[in-house]
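# Notes for the structure review
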Amino acid sequence: MWFTFFHEAGHVLLHGKRAVFIEGDGAADEKEHEANRFAADLLIPPAAWRSLLATGRPNLAQVQAFARTIGIAPGIVVGRLQKEGVFDHKIGNRLKRRLCWGTPCPESVESAG
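Residues numbered from 1 in each chain as written. Predicted model: local features only at pLDDT ≥ 70, side-chain atom pairs only at ≥ 80, totals over all residues. Heavy atoms only, no water.

Take helix α4 (residues 60-70) next. Among the residues of α4, those classed as buried are L60, V63, F66 and A67. Down the axis, α4 shows its buried residues gathered within 115° of arc, on one side only. Exposed residues on α4 whose side chains face more than 90 degrees from its buried face are A61, R68 and T69. Where α4 is buried, its residues contact α3 (46-53) and α5 (74-83). The N-cap of α4, judged by a side-chain oxygen 3.0 Å from the amide nitrogen of A61 a few residues on, is N59. The positive-phi residue at the C-terminal boundary of α4 is G71, with phi of around 80°. (Buried < 20%, exposed > 50% of the residue type's maximum accessible area, 1.4 Å probe, protein only. Helix = DSSP H or I, 4+ residues; strand = E, 2+ residues; numbered from the N terminus. Arc of directions from axis to C-beta. Contact = heavy atoms within 4.5 Å. Polar contact = N/O pair within 3.5 Å; in protein donor to acceptor, adjacent residues only side chain to side chain.)

Looking now at the packing of α3 against α5. Direction vectors running N to C along α3 and α5 enclose 75°, while the axes themselves pass 13 Å from each other. Comparing their axes, α5 and α3 come out roughly perpendicular. Touching W49, L52 and L53 of α3 are V77, R80 and L81, all from α5. (Axes fitted to C-alpha atoms, helices over the stretch in contact; angles between N-to-C directions. Parallel < 35°, antiparallel > 145°, perpendicular 65-115°, else oblique.)

The set of residues buried in α3 consists of A48, W49 and L52. The buried residues of α3 occupy an angular sector of 100° when the element is viewed end-on, so they sit on one face. Exposed side of α3, more than 90 degrees from the buried face: A47 and R50 are the residues found there. In the core, the buried residues of α3 are packed alongside α4 and α5.

For the rest of this paragraph, the subject is the nonpolar core. Judged by nonpolar contacts, the single largest core of 17 residues is most densely connected at I44, V63, V77 and L81. Among the secondary structure elements, those contributing two or more residues to this core are α3, α4 and α5. (Core = buried A, V, L, I, M, F, W, Y, C linked by side-chain atoms within 4.5 Å.)

Printed below as a string of structure tokens:
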């Protein structure tokens, strides 16, 4: 959720609030990349990200310690690790917080994390 929020904020801040994006348009692809980079770097500073990955794929304890060190929720780190293919999408989901509106959240099951 936070990546998406900051991705969209990146569009507004970098490209203006009146910009229109059409999927498949070469210019839009570059702007999507810029918004992705804005969100990723805002949530996890590039130097910190590089330090997390410097010794290879982190384990979940390292993810939690890293998140504490830079002051963000460990689920944000897990989400980026999943998005960038470092973690499978099944790994680390227990570190993510679920947001539910209007009804109780269903129980989540993590199969490999």
